[in-house]
Amino acid sequence: MLINRKEVEQIAVLAKLHVSESEIDAIVTSLDSIVEMINHISEVNTDNTKPMANPMDAVQRLRADEVTETSIKEKLLSMATQTDEDYFLVPTVVE
Amino acid sequence: MNNSTQWETVIGLEIHTQLKTNSKLFAGTDTTYGASPNSHVSMLEAAMPGTLPVFNEKVLRYAIRFGLAVGAKVIAKESTFDRKNYFYPDSPKGYQITQLNHPIVEHGTLTIQDKNGNDKIIRINRAHIEEDAGKSVHDKYAEFSGIDLNRCGTPLIEIVSEPDLSSAKEAVTYMKEIHSIVTHLGICDGNLQEGSFRCDANVSIRPVGQNELGTRTELKNINSFRFVEKAINIEIKRQIKLLESGGKVTQETRLYDSDKNETRPMRSKEEANDYRYFPDPDLLPVVIDQAYIDNEKQYIPEFPAAKIIRYTQGLEIKPDDAKIIAQDKSLAEFFDETVKSLKQAKAKTAANMLLGEFSALLNSNDVKVEDNNLNVAQFVGLLEALAEGKISHKIAKTIIEKMWGTNLLAEEIIKTEGLGQVSDSGELETIVKEIINNNQSQFAAYKEGDMKMFNYFVGQVMKQTKGRANPAQVKTILEKS
Amino acid sequence: MKLSGIKSISQALHNKIISVQELHDIYLKRLNTHAENLNCIINYTPETANQQIKAAQALIDNKQAHLLTGIPLVHKDLFCTTGVNTTCGSRMLENFVAPYDATVVKNLNNRGMITMAKANMDEFAMGSSNENSYFGAVKNPWGLNRVPGGSSGGSAAVVAAGLAPIATGTDTGGSIRQPAALTGITGIKPSYGRASRYGMVAFASSLDQAGVFARSAEDCAYVLSEMCGFDAKDSTSAQVAKEDFSENLNQSIKGLKVGIVTEWMDGLSPDIKQATEQAIAKLQDMGAQLVEIELPTAHLAVSAYYVIAPAECSSNLSRFDGIRYGHQCENPVDLNDLYVRSRSEGFGEEVKRRIMIGTWALSAGFYDAYYRKAQKIRRLIAQDFDRAFAQVDIIAAPVSPETAFKFNTKKDPVSMYQEDIYTIPSSLAGLPCLSMPIGLVDDLPVGLQLIGHNLQESTILNVAHQYQQDTNFHKMVAEGYDE
């Protein structure tokens, strides 16, 4: 096994996904087969190769420091499930 | 460990400096503080699907200026943005855009004075650009937190020091110095109450003589100079107590509670986080050339340290006064403008009055220099009138109070209120003679050399003239009599 | 009337042989007849269409119309469109109405095109069979028990069945080319950076590109020219002048050097290999010169892709948390429960799988061995292509190792991922590529992939158009869908 149950559970915590007891074995199996496929990338030596983050051979464009947006508060709040006055609501955030 | 162990403190600071831009880091959204919740939120900050970031040039330029100001060895010709992944309601994308691997500024230094007054160099590891998060409001609801995304996406530079600070006091000195730099550069409004300038402190202790660092804790989001000092001191105490009682310091994030003056672990940070940093594929490398960096040099102003030297050596201001003026950007500007226009009056007098009467008026009215209750021209006029002997120092104090909040010049007030010194020696002589006649015995004592009596006569003359007499002239008349 | 190609439809509109409304109604009728059976549409956009019809007719009447004015189309349901749902084929966005138009949508709206509906797709564009849609699988007009390919399967089915002349799609690792091949139509993905990604719900930011489906390369060229263009809202938008990709369609391909990846040809099943070789032979007949080339690192493309794309997706999809929009679970007990249940209920199996793989690949200790390594492989693959394009003008290659397969036949993810072995390499390199129909094997369409060098869209479109001038494969229509 290249990836085990415990790792899958940890990933699920990080990704905020629920993995039920009934599906975990199947998930471990499928992720394991994917990792096996992925592992082929280690076959090639890449010591002198620069990572390619983006196919664009270009540099970041800069935007002038200007306010171009107007308030869309009502629109945004109308899209959310739970709001009160001007706030989005979530179950209490613990600091 | 036993109780005789001598402990040494090691502190590193991470200062979050909000940049004073019109618009946010990656969208043209208003950054003005204090708007109603969620009114300064564009689709980007609300993390609407399909929205994309575009980099604000002002942020780049401000970060370069900071790098230049702290003599950074590296202002990266190519810097990149990374995503820091975590779920939190005030960070709607589920990641924060920051610079992990290739920050814009690296390896700067800052000189502070240690407790013995010696220069101490604090190394700045890096300053990187990142987005600020929104705010959660906890006290408004029982079972909910309210989320306000106005602050979300506001540009920050995070200034990370090496662990070169060895006391809470040094930490505060360093923080104040950084504060002074960013406000002098004009890249940050420096408002601690509004959260424009906040600090995380990494604190650890080790026995004196030990080389390796002790386990550190991170104190989060301290937003006043006073609390930085208190929080670090209380944390040092806690760590010492812990180690001396045989315990161990846990590496964790702690929150400072200023009401209870204690630190406690942050529950939200307890679950070991793995931020899964990776280069943001929505943004390309930021590439700049040396000319671009050089162009920013013109925006680097004279810093307090240089100002202090100029004030003390060039203008003969007392070191303590020079320091106070130099470290307050608006006061220094006002002072420099004033000095530029002075003719007969001395810079030293200007400094005295600025820190004396002028500052007293600022305090009693609870206003700032930039509120412009008194302009430079008014102040210069007052100083000149004083230097020319038209008014006494005492009258000057009356006049500055009368000028306050008006545009009236000293000349005008002196004229309309009749506050000019009695310079007509005939008039003054008549008054002095009359006082001598009414105080013969005191005059005799004066004549016998009792100098207390001189003050007595000057006082009497001043009383009679309502302070308008020139003391030097009074002396001449007394001597002649 | 026979509807064939944008040019003739446009002429009919301009000459008042047909009105925009009448044209729209013809297609709407076809949609009403077939879309439900094919399950290729998620939502119709009648209000948008009605407004656009009026505006387009006015432009035509005032002789201010463009070639595309009045031409109906269907958008893949991951382009944000104001006023109507943009679901991305997901329960997460089932009721999501975007507050803005994607740049691609806006560009085509500006040319007076008529949006009729939003096409079904694999959830968040993840899939090669369209079986991953929350709204059910799309069926292939060439066999209702077969997949149309994915992830732009709904768009491909719409055009293949003649329910609209044009459909937009997106391609991350083959999501335009493979469904185009499996449904017997032409589909093009431009160079990375040509079309703005603004308003396209992101799957893998460094790979996603918008593109178009049509019957012919010619029609693809007309629409692609208007879709593309620099967009200041997208930092990865290419700063190149707008190009008319239809300009060079009629050039002869005599002397054109066509690269053939021998290794790829050898891996094909005999009948698909035969069809592919025939198409290549046809190009040779037309004057092209064949050159054998090697792409030595391309065999690692799928492996590298399944690190990069899931890693980016794991981060891109974090914004779907149920708080500001999208699916929110009922009665969350605390914040973590809100996150976990909203996401677990909102996302389907494949999306969760990719989020998990991506999360794993980026997690502490794995970054260098996986994400960074995969990015290096990506560069090696791009360099392979650069070397190849020093010798050839275009590369002709298979699109998919097989024709449209039956539903539920690829249950394990890895065998599904192999569907894209020939499309992923050019995606990683950000190159323009298209798929065009070249015949049938067992009554199912086969496509040929043409790959161009960076920004050489007009070259591959020219070759495809010339091929289509000499052949009739692009006119093939599945039984029962004659127009």
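Nothing here was measured: the structure is a model prediction, and the numbers come from that model. (Residues numbered from 1 in each chain as written. Chains lettered and ligands numbered in written order. Predicted model: local features only at pLDDT ≥ 70, side-chain atom pairs only at ≥ 80, totals over all residues.)

**Q** Help me understand the overall build of chain A in this model?
**A** Counting secondary structure elements, chain A contains three helices and three strands. In summary, chain A has a C-alpha radius of gyration of 23 Å against a globular reference of 12 Å for 95 residues, an excess of more than 25%. Once the C-alpha set of chain A is aligned to its principal axes, its extents read approximately 55 × 45 × 25 Å. Burial status across chain A gives 31% buried among its 95 residues. (Helix = DSSP H or I, 4+ residues; strand = E, 2+ residues; numbered from the N terminus. Rg over C-alpha atoms; globule rule 2.2 N^0.38 Å. Buried ≥ 20, exposed ≤ 12 C-beta atoms within 10 Å, placed from the backbone.)

**Q** Help me understand the overall build of chain B, please; the structure alone is not making it clear to me.
**A** If you tally the helices and strands in chain B, you get 15 helices and 17 strands. The C-alpha atoms of chain B give a radius of gyration of 30 Å, which is well past the 23 Å a tight globule of 481 residues would have. Each of the three principal axes of chain B carries a C-alpha extent, and together these read 95 × 60 × 50 Å. Looking at chain B as a whole, 42% of its 481 residues are labelled buried. At a minimum sequence separation of 6, the contacts of chain B that also span at least 24 residues come to 69%. (Contact = placed C-beta atoms within 7 Å.)

**Q** Honestly, the interface of chain B and chain C in this entry has me stumped. Any pointers?
**A** A common way to express how large an interface is: the accessible area buried when the components associate. Taken together, the 25 residues of chain B in the interface contact 32 residues of chain C. In the side of chain B that touches chain C, the residues fall into 17 nonpolar, three polar and five charged. (Nonpolar A, V, L, I, M, F, W, Y, C, P; charged D, E, K, R; others polar.)

**Q** So what exactly am I meant to see when it comes to the sheet that holds strand 6 (residues 95-98) of chain B here?
**A** Picture the strands of a sheet paired through backbone hydrogen bonds; they go either parallel or antiparallel. Residue and element names in this part refer to chain B. Pairing is antiparallel in the open sheet, where three strands are placed in the order 6-5-16. Each of the sheet's edge strands pairs with one partner strand only, and the pair in question is strand 6 and strand 16 (278-279). One ladder, built from four bridges, connects strand 5 (residues 82-85) with strand 6; its direction is antiparallel. Bridge assignment links K84 to a residue of strand 6, and that residue is Q96. (Pairing = 2+ DSSP bridges.)

**Q** Which parts of the structure should I look at to understand the packing of helix 7 (residues 329-341) of chain B against helix 9 (residues 376-387) of chain B?
**A** The axes of two packed helices give the description: the angle between them and the distance between them. Residue and element names in this part refer to chain B. Running from amino to carboxyl end, helix 7 crosses helix 9 at an angle of 50°, the nearest separation of the two axes being 9 Å. Judged by the angle between their axes, helix 7 and helix 9 are oblique. Helix-helix and strand crossings are classified by hand; for helix 7 and helix 9 the assignment is right-handed. In this structure, helix 7 uses F334, E337, T338 and S341 to contact helix 9, whose residues at the interface are V376, F379 and V380. Grouping the constituent residues of the contact of helix 7 with helix 9 by class yields four nonpolar, two polar and one charged. (Axes fitted to C-alpha atoms, helices over the stretch in contact; angles between N-to-C directions. Parallel < 35°, antiparallel > 145°, perpendicular 65-115°, else oblique. Left-handed = near helix turned anticlockwise from the far one by under 90°.)

**Q** Got a minute to help me understand the environment of Q383(C) in this structure?
**A** Considering the arrangement of structural elements, one finds Q383(C) in helix 13 (residues 368-389). It is 17 Å that separates the C-alpha atoms of Q383(C) and Q456(C), two residues lying 73 residues apart in sequence.

**Q** How do you make sense of the nonpolar core when you look at a structure like this?
**A** Within soluble globular proteins, side chains that are nonpolar tend to cluster in buried spots. Among the nonpolar cores identified, the biggest contains 261 residues, and A63(B), F66(B), A171(B), A201(B) and V307(C) are the most heavily contacted of them. Formed by 34 residues, the second largest nonpolar core is a distinct cluster that contains A326(B), A345(B), L383(B) and I400(B). (Core = buried A, V, L, I, M, F, W, Y, C linked by C-beta atoms within 7 Å.)

**Q** Looking at this model, I keep getting lost on unusual backbone geometry. Mind explaining?
**A** Working note: non-glycine residues mostly have negative phi, and peptide bonds are mostly trans. Here G150(C) and S151(C) are connected by a cis peptide whose omega angle stands at 5°. Relative to the assigned elements, S151(C) resides in the loop between strand 3 (114-119) and helix 5 (153-160). For E316(B), which is not a glycine, the phi torsion comes out positive at approximately 60°. Within the secondary structure, E316(B) sits in the loop between helix 5 (304-314) and helix 6 (319-327). For K63(C), which is not glycine, the phi torsion reads 55° and is therefore positive. Within the secondary structure, K63(C) is located in the loop between helix 3 (46-61) and strand 2 (72-76).

**Q** I'm lost on the domain arrangement of chain B in this one. Help?
**A** All names here are of chain B. Under the domain assignment used here, chain B contains domain 1 (7-296), domain 2 (302-417) and domain 3 (425-480). For domain 1 and domain 2, the distance between their C-alpha centres works out to 37 Å. Each partner contributes to the interface: domain 1 provides four residues, whereas domain 2 provides four residues. Taken together, the residues of the side of domain 1 that touches domain 2 break down into one nonpolar, three polar and no charged. (Domains from an automatic or database assignment.)

**Q** Explain the interface of chain C and chain A here, please?
**A** On the side of chain A, 39 residues touch chain C, which itself brings 53 residues to the contact. Counting residues per element, the ones that place at least two in the side of chain C that touches chain A are helix 10 (301-316), helix 11 (335-346), helix 12 (349-362), helix 13 and helix 14 (413-417) of chain C. It is helix 13 of chain C that contributes the most residues to the side of chain C that touches chain A, eleven residues altogether. Residues of the side of chain C that touches chain A, tallied by class, amount to 27 nonpolar, 14 polar and twelve charged.

**Q** Any chance you could explain the pairing of strand 1 (residues 7-18) of chain B here in plain terms?
**A** Strand residues, when the strand is regular, have side chains that alternate between the two faces of the sheet. Residue and element names in this part refer to chain B. For strand 1 and strand 12 (residues 197-207), the ladder comprises eleven bridges, and the chain directions are antiparallel. Its bridge partner being in strand 12, G12 is matched across the sheet by N202. Relative to strand 11 (residues 155-161), strand 1 runs antiparallel, the two sharing five bridges. The partner of I15 across the bridge, within strand 11, is I159.

**Q** Honestly, the packing of helix 10 of chain C against helix 12 of chain C in this entry has me stumped. Any pointers?
**A** Residues and elements named next belong to chain C. Orientation of helix 10 relative to helix 12, taken along the N-to-C sense of each, is 100°, at an axis distance of 7 Å. Between helix 10 and helix 12, the crossing angle belongs to the class labelled roughly perpendicular. For the pair helix 10 and helix 12, the contacting residues are Y306, V307, P310, A311, C313 and S314 in the first and R354, I355, I357, G358, T359, A361 and L362 in the second. Class assignment for the residues of the contact of helix 10 with helix 12 results in nine nonpolar, three polar and one charged.

**Q** Even after reading the chapter, I still don't get the sheet that holds strand 8 (residues 119-131) of chain B, so can you show me in this structure?
**A** All names here are of chain B. Pairing within the open sheet is mixed, and its nine strands lie in the order 3-7-8-11-1-12-13-14-15. One side of each edge strand has no neighbouring strand; the edge strands of this open sheet are strand 3 (74-75) and strand 15 (262-265). Relative to strand 8, helix 1 (residues 57-69) is tilted by about 170°, and along the sheet it contacts strand 3, strand 7 (105-113), strand 8 and strand 11. Along the sheet face, helix 3 (residues 225-244) touches strand 1, strand 12, strand 13 (217-222), strand 14 (253-257) and strand 15 and points at about 25° away from the line of strand 12.

**Q** Looking at this model, I keep getting lost on helix 5 of chain B. Mind explaining?
**A** Each full turn of the α-helix corresponds to 3.6 residues, which orients residues three or four apart in the same direction. Residue and element names in this part refer to chain B. The set of residues buried in helix 5 consists of P304, K307, I308 and Y311. Summarising the axial view, the buried residues of helix 5 lie within an arc of 100°, below the 170-degree limit, and thus occupy one face. Exposed and oriented more than 90 degrees from the buried face of helix 5 are A306, Q313 and G314. Of the surrounding secondary structure, the elements contacted by the buried residues of helix 5 are helix 2 (168-185), helix 6 and helix 7. Where helix 5 ends, the next residue or the one after it, E316, has phi of about 60°, a positive value. (Arc of directions from axis to C-beta.)

**Q** Explain helix 2 (residues 20-38) of chain C to me, please; I cannot follow it from the model alone.
**A** All names here are of chain C. Counted at 1.5 Å a residue, the expected span for helix 2 with its 19 residues is 27 Å, and the 25 Å between its end C-alpha atoms agrees. Taking the largest bend as the criterion, helix 2 deviates by roughly 35°, centred on N32. Within the span of helix 2, buried status applies to V20, L23, H24, Y27, L28, L31, H34, A35 and L38. Buried residues belonging to helix 2 abut helix 1 (6-14), strand 1 (41-44), helix 3, strand 2, strand 3 and helix 5. In the stretch just after helix 2, N39 is the one whose phi turns positive, near 55°. (Expected span 1.5 Å × (residues − 1). Bend = angle between axes of the 7 residues up to and from the residue.)

**Q** Help me understand the confidence of the model for chain B in this model?
**A** A low pLDDT score tells you not to read the predicted coordinates there in detail. Averaged over chain B, the pLDDT score is 90; the fraction of residues at 70 or greater is 97%. For this predicted complex, the interface confidence score (ipTM) comes to 0.97, while the overall pTM stands at 0.87. (pLDDT = per-residue confidence, 0-100.)

**Q** Quick question: what am I supposed to make of the confidence of the model for chain A here?
**A** Here chain A averages 94 in pLDDT, and 99% of its residues register 70 or above. Within chain A, no element has a lower average pLDDT than strand 2 (residues 83-84) of chain A, which sits at 94, and none a higher one than strand 1 (residues 62-63) of chain A, at 97.

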